[in-house]
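Listed below are the residues making up each chain.
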Amino acid sequence: MPPTRAVPVTLAEIARIAGVGRAAVSNWRRRHDSFPARIGGTDTSPQFSLAEVEAWLRANGKLGDGGGRELLWPGFEALGSRDEAGMAIAEAGRRMRGGRARPSGPHLSERARKLAAEAVALGEREGARETFEFLLQRWLDVHVRQVSASPRPLAVLMARVALALRPPPPGAPLTVLDPACGAAHVLDAAARAAVEAGARPVSLLGCEIDPALAALAAARLAFTQDEGGSGDEDGHGDEGGSGDEDGHGDEDGHGDGRVTADVREGDSLRADPHAAVTADVVLCNPPFNERDWGYEELSTDQRWVHGLPPRTESELAWVQHCLARLRPGGTAVLLLPPAVASRRAGRRIRGALLRAGLLRGVIALPPGCAQPHSVSLHLWLLRSPDAGAPPSGGSGVLLADAAASQHAASREGGVDWEALDGFVRSAVAAACGGEGGPPDGARLTPAIDLLDEEVDLTPGRHVPPAAEDGGLRLADTWREFTGTVDGLREAGRALEALEPVPAGGRRPPSTTVGELVRAGALVLRGGRQPPDEALAPPGAPQEDVLPLLTVPDLLRAGGPTGRLSRAEAAARGLLVAEPGDVVVAGVARAFTAWVHQGPPTALGAQLHSLRVDPGKLDAWFLAGCLRAPANGRQAGTHASSASRVDVRRLQVLQLPPDEQRRYGEVFRRLTAFEEHRARLEDLGSRLVRDLSDGLASGRLAAGG
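Residues numbered from 1 in each chain as written. Predicted model: local features only at pLDDT ≥ 70, side-chain atom pairs only at ≥ 80, totals over all residues. Heavy atoms only, no water.

A. Up close: the overall build of the chain. The secondary structure content of the chain amounts to 21 helices and 24 strands. Across the 704 residues of the chain, 49% fall into the buried class. Counted over contacts in the chain with a minimum sequence separation of 6, partners at least 24 positions apart contribute 73%. Accessible surface for the chain amounts to roughly 32,300 Å². Of this, 51% is attributable to carbon and sulfur atoms. (Helix = DSSP H or I, 4+ residues; strand = E, 2+ residues; numbered from the N terminus. Buried < 20%, exposed > 50% of the residue type's maximum accessible area, 1.4 Å probe, protein only. Contact = heavy atoms within 4.5 Å. Areas by Shrake-Rupley, 256 points an atom, 1.4 Å probe, with all protein chains shown as cover.)

This is the structure:
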């Protein structure tokens, strides 16, 4: 029998297993002769045996809290095949649910089956769904260039918008279809939203062309079934969770509150496995810019009621496919690239959709909502006419520009999901005849006004650039600009009095954060990326939510954009910065440090919290010393392509408490100076933009 091949792990993976920074692992390797020997890789990126690393970490008491899952993942990655790793994770999910669904990977290797069994055992100890979601997310992260997943907040938004277009009657069955479901992010969100809306039962139907993704989606929705309703005695329901041809399940309806799921592998456009089913709601994030979508063989397909989609317009094929799968009165929400709203090749189909009263809205989202993150993607809202009712455009077509609206703009590049959710749902409510008109950044446009030569549905070309109270906001901006200039001048005067130490003068000695930790002067903790299930859904009560700050937020010069469930954060032991803590970003390109003064905030990966002993250290003094650019350069490590900062190596001056407080006060003033400078830059840019728009549109007079 051949020997078992060692599973290789890198320094970065060891750091995740131990719950420390990579620099700490490099330090262990240098200081401890017993550290496992390298088994592969290169001098700059060595690899080690996972079994030997685990034994060493346990023997030295350095295994992190999340070590169980982190120890499991390298085995899946070592399979060397994206598909086999995905199938093995799906098989683990199937077994965790009880093995009643159809097998995910009948041809898995012995190694893959063993890994699935280890995952099941870990799930019994640490939570089945949590373990499965961890493995799924890690698989998606590793293969992010090949697999595009809809972010959870966007999936929730799409589901809620679809249900808002036509709320389901309480207690009535609801069928939701996603013809390109990926890993079932959207269907999972739809199930929760439908149950919250009172639908009973809920049938989830999915189709995915990628076999690994189809298996993962089926396994994921098996958990959703268990959480969404009563089922039979053991909570698992019927085998496979499939419904009958009309999508509503068995004759008895499965009982109140039941969620069923049926995910099938296939190509929805060429050979739809759910062709015999119609749905109340269709949600879809289809592949973009596909040329090989079946143009030749589908040229006479009955779904092209509004025209044969051009070869370059695969997205319009998906639009008509989704409409063909809707029941009378059903709604569909699709995520599409912005070019679909304006490309000349698709104008005939866009015009036909408007004339038939099927296209009810186009919403431009802020960049960063989903891949590709640099693009302002669009949500298309469609609704099939009620049975026997003539086509109707209603009160008009909703055109909403959340990418430019002040109510739903991104926070310096990071998406403010709560504001976006409020803006979109307010706009949709107005389109559905709710009280009050559309919010700023949205309007209801008669379909006839859009049926020109171009049929351009880009919201930014139809939504007014500013509200009627733009002049009032301009005056407020000028007042804030003037006040900021005064604040900058005042802070600058205080700093101007600082004098350099004379040449040859004695400078105080310094120590490191690591030494201060050992001396008990501060406590150092590192943040980590929370799992998806710890995120708070849009609309959750504010008192139940913690803001989540991540390194990408800092790179965009914005505040926290994520939201965590306070209970989940506490249960999982996630790092929360309290007022007075010093927060340090341990990534070279975002390196900084500051005294946290806002509400308690969860910290993501590569963010660190330093809680000082006030009798030994002044927090403002510590933050001021740490944030010096030269300090970050000296403590940086460049062993990988992502340069990081070893927080324990950062230098701090050694001063008595009274002198620390004097330095701390100066650092406060320096922080105020920087805040005023940044605010002045933002206000100046806003004034230039608003003044240019106002003058060019004639809303501002040039004066006499």
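B. Here's a closer look at the packing of helix α1 (residues 11–18) against helix α2 (residues 22–31). Where α1 meets α2, the closest approach of the two axes is 8 Å, and the angle between their N-to-C directions is 105°. Put simply, α1 runs roughly perpendicular to α2. Within the contact between the two elements, α1 uses L11, A12, I14, A15 and A18 and α2 uses R22, V25, S26 and W28. Here the residues of the contact of α1 with α2 are counted per class, giving seven nonpolar, one polar and one charged. (Axes fitted to C-alpha atoms, helices over the stretch in contact; angles between N-to-C directions. Parallel < 35°, antiparallel > 145°, perpendicular 65-115°, else oblique. Nonpolar A, V, L, I, M, F, W, Y, C, P; charged D, E, K, R; others polar.)

C. The arrangement of the environment of G61 in detail. Along the chain, G61 turns up in the loop between α3 (50–59) and α4 (67–77). It is 9.5 Å that separates the C-alpha atoms of G61 and A18, two residues lying 43 residues apart in sequence.

D. Structural detail: unusual backbone geometry. With an omega of -15°, the peptide bond between R200 and P201 qualifies as cis. With respect to the secondary-structure elements, P201 resides in the loop between α9 (185–196) and β5 (202–208). Cis geometry marks the peptide bond from Q371 to P372; its omega dihedral reads -10°. Structurally, P372 can be placed in the loop between β9 (359–364) and β10 (378–383). Its identity is not glycine, yet A184 carries a phi of approximately 75°, on the positive side. Tracing the backbone shows A184 in the loop between β4 (174–178) and α9. For A184, a relative accessible area of 0% puts it in the buried group. A positive phi angle, close to 55°, is found at N289, a residue other than glycine. Considering the arrangement of structural elements, one finds N289 in the loop between β7 (279–284) and α11 (314–324).

E. Quick look at the pattern of salt bridges. Scanning all chains against the criterion turns up 45 salt bridges. As a salt-bridge pair, R343 and E315 come within 3.0 Å of each other at their nearest N and O atoms. Highlighted residues: R343 in the loop between β8 (326–336) and α12 (347–355) and E315 in helix α11, separated in sequence by 28 residues. Under the relative-accessibility criterion, R343 is labelled partly exposed at 23%. What makes E315 buried here is its relative accessible area of 0%. (Salt bridge = Lys/Arg side-chain N within 4 Å of Asp/Glu carboxyl O.)

F. Representation of the pairing of β8. Counted residue by residue, β8 has ten buried out of eleven residues, so it is predominantly covered. For β7 and β8, the ladder comprises five bridges, and the chain directions are parallel. Residue pairing in the sheet places A279 in a bridge with L326 of β8. Tracing the backbone out of β7, into α11 and back to the parallel element β8 gives a crossover that is right-handed. The pairing of β8 with β10 spans six bridges and is classified as antiparallel. Residue pairing for β10: L335 is matched across the bridge by L379. (Pairing = 2+ DSSP bridges. Right-handed = clockwise from strand over helix to strand, strands pointing away.)

G. How the structure looks around α2. Looking only at α2, the buried set comprises R22, A23, V25, S26 and W28. In this fold, the buried residues of α2 make contact with α1, α3 and β23 (644–645).

H. Focus on the sheet that holds strand β15 (residues 545–549). Ordered in space as β16-β15-β20-β17, the four strands form an open sheet in which the pairing is mixed. Where the open sheet ends on each side, the last strands, each with one partner, are β16 (562–565) and β17 (576–577). Pairing geometry for β17 and strand β20 (residues 601–603), over two bridges, is antiparallel. Considered in β20, the bridge of V576 is made with A602.

I. Focus on the nonpolar core. With 53 residues, the main nonpolar core has L204, L283, V333, I363, L379, L381 and L420 as its most contacted residues. Examining the composition of this core, we find that ten residues originate from one element, helix α8 (residues 152–165), more than from any other. Contact partners of L381, with chain neighbours within four places excluded, come to V161, L165, A332, V333, L358, L359, R360, G361, I363, L398 and V428. One finds W318, C322, L382 and V397 within the second-largest nonpolar core, a separate group that totals 39 residues. (Core = buried A, V, L, I, M, F, W, Y, C linked by side-chain atoms within 4.5 Å.)

J. The arrangement of the packing of aromatic side chains in detail. The full count for this structure, using the stated rule, is nine aromatic pairs. Here the aromatic rings of W73 and F76 are separated by 6.3 Å at their centres, their planes lie at 15°, and the arrangement is stacked. You can see W73 and its partner F76 sitting in helix α4, three residues apart, about one turn around the helix. Of the two residues, W73 and F76, both sit in the buried class. An aromatic cluster of at least three residues, connected via ring pairs, comprises W28, F35, F48 and W56. (Phe/Tyr/Trp six-rings, centres within 6.5 Å; stacked < 30°, edge-to-face > 60°.)

K. Summary view of the state of the cysteines. All chains considered together, the criterion is met by zero disulfides. Free of any disulfide, C181 has its nearest neighbouring cysteine sulfur in C207, separated by 7.0 Å. (Disulfide = S-S within 2.5 Å.)

L. Spatial organisation of the confidence of the model for the chain. Averaged over all residues, the pLDDT of the chain equals 84, while 88% of them reach at least 70. pLDDT under 50 marks residues 406–413. Its contacts with residues more than four places away, or in other chains, come to 24 contacts. Between residues 638–642, whose pLDDT stays under 50, and residues either more than four places distant or in other chains, the model counts four contacts. (pLDDT = per-residue confidence, 0-100.)

M. Structural detail: the environment of P287. As for its position among the elements, P287 is in the loop between β7 and α11. Sequence spacing of P287 and W318 is 31 residues, and the spatial spacing of their C-alpha atoms is 9.1 Å. When neighbours within four sequence positions are excluded, P287 is seen to be in contact with A180, S314 and W318.

N. Examining the sheet that holds strand β2 (residues 40–41) more closely. Taken in spatial order, the three strands make up an open sheet running β1-β3-β2, and their pairing is antiparallel. Taken across any chain shown, the strands that pair with only one partner, and hence form the sheet edges, are β1 (8–10) and β2. The pairing of β1 with strand β3 (residues 46–49) spans three bridges and is antiparallel. Pairing of P8 across the sheet is with S49, part of β3.

O. Quick peek at the packing of helix α5 (residues 82–96) against helix α6 (residues 110–126). The geometry of α5 relative to α6 is characterised by a closest axis approach of 8 Å and an angle of 40° between their N-to-C directions. Regarding the angle of α5 to α6, the classification is oblique. The hand of the α5/α6 crossing is right-handed. Every residue of α6 that contacts α5 at E84, A88, E91, A92, R95 and M96 is listed here: A112, R113, A116, A117, A119 and V120. Here the residues of the contact of α5 with α6 sort into eight nonpolar, no polar and four charged. (Left-handed = near helix turned anticlockwise from the far one by under 90°.)

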